[in-house]
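Structural description and commentary
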Amino acid sequence: MTKLPSRSLIFLVAAVAFGIGTVAAMALYANIAKRKMEAESTVLKIADITETTIDPAEWGKNFPREYDGYIRTADNAPARFKWSEGRPPEDDANAGKAPSKLVGDPLLTTIFDGYAFAIDYRERRGHFYMLLDQRDTERVKQKPQPGACLNCHASNVVAYREVGLKNGAAGSLADPLFSENGRKQLFTGWEQVNHLPYADATALVKHPMTCLDCHDPKTMALRVTRPAFLEGIANLAASSEPVPHLPSIEEWRRGDKKTPYDPNTLASRQEMRSMACGQCHVEYYFKGPEKRLTFPWHKGLKAEEMEAYYDETGWTDWTHKRSGAQVLKAQHPEFETWSQGIHARSGVACADCHMPYKREGALKYSDHQVQSPLAHVNLSCQTCHNYTETEILSRVDAIQSRHKAMLDRAEQAVVDLINAIEAAKAAGATDAQLAAARALQRKAQWRADLMNAENSLGFHAPAECLRLLGESIDYARQGTTEVAKLQMAARR
Amino acid sequence: MTRSALWAAVFGALVGSFAAAVGYTAHYARATSYLSEDPKACINCHVMNEQYDGWSRSPHHARATCNDCHVPHSSIFAKYYVKAEHGYRHSKLFTLNSFHEPIRANAASHAVVIANCIRCHEAMTREIRLAAPGSSAHTVSGGIDCIRCHAAVAHGPTR
């Protein structure tokens, strides 16, 4: 072996350096090429998606990022307050279930006395669990529920259409959903399934809400597939309640109104980014013996407008076991509360905060891991609000802490009223004497319960939510005063 | 062939490959467009599409391009220094995919933009700037952030 001359050594080092440089330049080229490709093709069509493709994994072949987010709704989003905070874990029988709200907030057991929600009422979880949790809840197991429950907890478009076809609707599943045949199949099936026993209805479905429920399989355009929403929003449009946050309804009202308002043809894309969520995140009841799922929007979306509708139709969810009052159970009125807030008024849709745009390289897509915006303040809030994350979080915290403090007071006021009525009844007060106090319980409880059932702790419309809690406390305390007057009159 | 000639050939091939790889990558990435004034250069990497779309619908569209607001106009050195700094930073962040969402102007870029607001609107804003609390000869805007209130002027409606 001869020793390398020093000139050769310099050559060798320089050659290696240029070699590395060349590789680095090529790597950069590859990166730029990848980014360019990402920006150009957002979809690589692998699977053929049709109106009968229920399985989200099939859609996931073409839309892997959206599917990935959808599956991740199994991860529970952070919440500011949980009703279950600071309490010991439940027993083994409840392992794997969401924590019980009844254990975290014992007032609820009194508020829902005599109703299924006093048996089992748990924290909300991600979309992944919607069907599992519904099949699993003691409310459904111990109290028979109708098939109408399926409307929001399962991918039901195909199931409804199949039942519709069996019950005489014309055409086949190949018809576009909103063709005359498709629509008839959907509505007929839905009307049939609504009054089936829940156990029979849930056997018709396999998946929780999936892609098909919100997207057209050919164009991926957003759509509303739930008959109850289509009816509800048409009823809202036909009312005189101003809806400045839904401009297509205002536009329809200026027209000839010959055909009912139809979001699938009239709503803008931005409106659909809220209406798709409003198919399920709403207040509802099961109307008549046919258990027709109905949204109480005939007079408007505000708490007192829905209440006025219920009062007019004589609807009562149950008679309170302790007080004997005819009361209402609020569901999860996110669409209604959002409608009263500044974000809706400014044109911000549900999806803007809960499904913000994400970027992977040059590719931009909507995050399908639907969750609390607090999980990604940068993507959700900072797109419009030019403040630091700490500042934004402290603003949210202020709104939600105030709301929670008032909610606790409102629930306590309702429970105090229930106890007062119960005591008066035991002391011999008649139904006629208790009528006024019971009516006040209905009003107070409705408002407090709307706020308890609402998934935002007041954030969707802070001023409106505090108004409702203030009214709730006022009505409850008025009711307690009514009972005190009775007792004073009895003593004389 | 002598040993040194062999080394020279190998070395030459490597230098040539390197130059070709760099040159072609630069061409493919439209590197020279960054020297131009064309706003299209700013959407080479697509991340700025929204800003570009907003600008094309904005009131300033007819009068000002990206460079009018985003690079200094005090001297040609300042201009190219900022262009180079932006170019390096943006390409690094985009290649490593590590930028903040939504995109935020950093303090230095923000100062450049404000200075450019005043460059064109000097006379109109003079009284406002002098009346601003804490204003001094050293702060070009008198401490006022033009785009806090006039956010839609340059990038148009965002939704």
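Scroll up to find the structure this text is about.
Throughout what follows, the structure given in this document is the object of discussion. Just so you know, these numbers come straight off a predicted model, no measurement behind them.

Cut-offs applied
Residues numbered from 1 in each chain as written. Chains lettered and ligands numbered in written order. Predicted model: local features only at pLDDT ≥ 70, side-chain atom pairs only at ≥ 80, totals over all residues. Heavy atoms only, no water. Contact = heavy atoms within 4.5 Å. Buried area = accessible area lost by both parts, 1.4 Å probe. Salt bridge = Lys/Arg side-chain N within 4 Å of Asp/Glu carboxyl O. Helix = DSSP H or I, 4+ residues; strand = E, 2+ residues; numbered from the N terminus. Polar contact = N/O pair within 3.5 Å; in protein donor to acceptor, adjacent residues only side chain to side chain. 1 Å grid on protein atoms, 1.4 Å probe; cavity = no way out; pocket = protein on both sides within 12 Å on 5 of 7 lines; lining within 4 Å. Points joined across faces, edges and corners; volume = space filled by probe spheres on them. Nonpolar A, V, L, I, M, F, W, Y, C, P; charged D, E, K, R; others polar. Buried < 20%, exposed > 50% of the residue type's maximum accessible area, 1.4 Å probe, protein only.

Structural notes on the interface of chain A and chain B
Across the boundary between the two partners, chain A contributes 39 residues, which contact 31 residues of chain B. Summed over both partners, the interface of chain A with chain B comes to about 3100 Å²; 60% of that surface belongs to carbon and sulfur atoms. When the buried area of chain A at its contact with chain B is split by residue, Phe18(A), Lys36(A) and Arg359(A) rank highest and sum to 21% of it. Put simply, chain A and chain B have two salt bridges between them. Here Arg359(A) makes a salt bridge to Glu101(B), at a shortest N to O gap of 3.0 Å.

Regarding the side chain of Arg122(A)
Residue and element names in this part refer to chain A. Inspection of the secondary structure assignment puts arginine 122 in the loop between α5 (107-111) and α6 (130-136). Polar side-chain contacts of arginine 122 include one of 2.7 Å to the backbone oxygen of alanine 98. Of the polar contacts made by the side chain of arginine 122, one reaches the side chain of aspartate 120; its length is 2.9 Å.

Digging into the layout of surface pockets
If you roll a probe as big as a water molecule over the atoms, it shows you where there is empty space left. Residues and elements named next belong to chain A. Reported here for the second largest pocket is a volume of approximately 220 Å³. In this structure, the second largest pocket is lined by 13 residues; those nearest its centre are Glu51, Pro176, Leu177, Asp216 and Arg223. Per-class residue counts for the lining of the second largest pocket are six nonpolar, two polar and five charged.

Some remarks on empty space enclosed by the protein
Residue and element names in this part refer to chain A. This model, assessed by the stated rule, comprises three cavities of 30 Å³ or more. Lining the largest cavity, in full, are Leu301, Lys302, Ala303, Met306, Pro333, Glu336, Thr337, Gln340, Leu450, Met451, Glu464 and Leu468. Of all the secondary-structure elements, those providing two or more residues to the lining of the largest cavity are α16 (303-313), α17 (334-339), α22 (431-453) and α23 (462-491). Each residue belonging to the lining of the largest cavity can be placed in one class, and the counts come to seven nonpolar, two polar and three charged. Counted as a void, the second largest cavity has a volume near 40 Å³. Every residue lining the second largest cavity is listed: Leu108, Ile111, Phe112, Glu411, Val414, Gln445, Ala448 and Asp449. Only α5, α21 (389-426) and α22 provide two or more residues apiece to the lining of the second largest cavity. Top element by residues in the lining of the second largest cavity is α22. It accounts for three residues. When grouped by side-chain class, the residues that make up the lining of the second largest cavity number five nonpolar, one polar and two charged.

Thoughts on the pattern of salt bridges
Residue and element names in this part refer to chain A. If you walk through the whole model with that rule in mind, you get 40 salt bridges over all chains. Note that glutamate 251 is salt-bridged to arginine 254, the shortest N-O span being 2.8 Å. Within this pair, glutamate 251 and its partner arginine 254 are both found in helix α13 (residues 247-254), separated by three residues, close to a single helical turn. Using a relative accessible area of 47% as the deciding quantity, one classes glutamate 251 as partly exposed. The exposed category is assigned to arginine 254, whose relative accessible area is 62%. The structure contains a network of salt bridges with shared partners spanning Glu304, Glu307, Lys443, Arg447, Glu464, Arg467 and Glu471.

Some words on the environment of His376(A)
Residue and element names in this part refer to chain A. Assignment of secondary structure puts histidine 376 in the loop between β6 (363-366) and α20 (377-380). A residue is classified by how much of its surface remains accessible, and histidine 376, at 7% relative accessible area, is buried. Sequence-wise, histidine 376 and proline 356 are 20 residues apart; in three dimensions their C-alpha atoms are separated by 8.7 Å. Here histidine 376 is in contact with Cys353, Pro356, Asp367 and Gln371, once residues within four sequence places are set aside. Within the structure, the side chain of histidine 376 is placed 2.9 Å from the side chain of serine 380, a separation counted as a polar contact.

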